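# Breakdown of the fold
Below are the chains, spelled out letter by letter.
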Amino acid sequence: NEVREKFGIDFAVLPVPTADDFRVQMSDAHAQRIRTEIESNLAKATENAISDVYRRIAEMTERMVDRLNSYTPGERTGSFRSSLIDNIADLISVMPSLNIVGSPELDAIGERLKALTKHDAATLKEDEVLRRDVAKEAQAILDSVSGFLA
């Protein structure tokens, strides 16, 4: 209890600013310069947020391709666990909220990611053909998002 009393957290939910929501008395030229800066900063923040989603997709699919292709039954090197699939399933579940611009491309990629989670790790370890097919689909998704990261 003593530690709890020494720490705290506050948060506030605020609206996303727009260039039109700027209420100060100043010259029109100066106000326009500030509006332009607000619009630019908001565009950069939005671009960074969407780039982060693509980066996460790329990292997870790249990891899956690497792990599935390097897996050799009975050997510890190249091994993978259920978390490989679970992490992608977790990303799929939050993608609608991460798609802040309503991008149909991101929605389509989210649908394609579902194919990577149809089988559990044990099944993928046992079935070499299935493992190879899932790795190919993961590679295809990785290839499709690479253009957004350039």
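Structural data are supplied above this passage.
Residues numbered from 1 in each chain as written. Predicted model: local features only at pLDDT ≥ 70, side-chain atom pairs only at ≥ 80, totals over all residues. Heavy atoms only, no water.

## So, helix α4 (residues 104–113)
All of the buried residues in α4 are L106, I109, G110 and L113. Buried residues of α4, viewed axially, fall in a sector of 105°; they line one side. In this structure, the buried residues of α4 make contact with α2 (28–70), α3 (82–98) and α6 (128–149). (Buried < 20%, exposed > 50% of the residue type's maximum accessible area, 1.4 Å probe, protein only. Helix = DSSP H or I, 4+ residues; strand = E, 2+ residues; numbered from the N terminus. Arc of directions from axis to C-beta. Contact = heavy atoms within 4.5 Å.)

## So, the side chain of N99
Within the secondary structure, N99 is located in the loop between α3 and α4. Among the polar contacts listed, one links the side chain of N99 to the backbone nitrogen of G102, at a separation of 3.1 Å. In this structure, N99 is in contact with L106 and D107, ignoring residues within four places of it in sequence. (Polar contact = N/O pair within 3.5 Å; in protein donor to acceptor, adjacent residues only side chain to side chain.)

## Comments concerning the packing of α3 against α4
It is the contact of α3 with α4, at a shortest axis distance of 10 Å, that shows an interaxial angle of 150°. Regarding the angle of α3 to α4, the classification is roughly antiparallel. As α3 runs across α4, the sense of the crossing is left-handed. Contacts from I88, L91, I92 and M95 of α3 reach α4 at L106, G110 and L113. Tallied by class, the residues present in the contact of α3 with α4 amount to six nonpolar, one polar and no charged. (Axes fitted to C-alpha atoms, helices over the stretch in contact; angles between N-to-C directions. Parallel < 35°, antiparallel > 145°, perpendicular 65-115°, else oblique. Left-handed = near helix turned anticlockwise from the far one by under 90°. Nonpolar A, V, L, I, M, F, W, Y, C, P; charged D, E, K, R; others polar.)

Nothing here speaks to function; it is geometry throughout.
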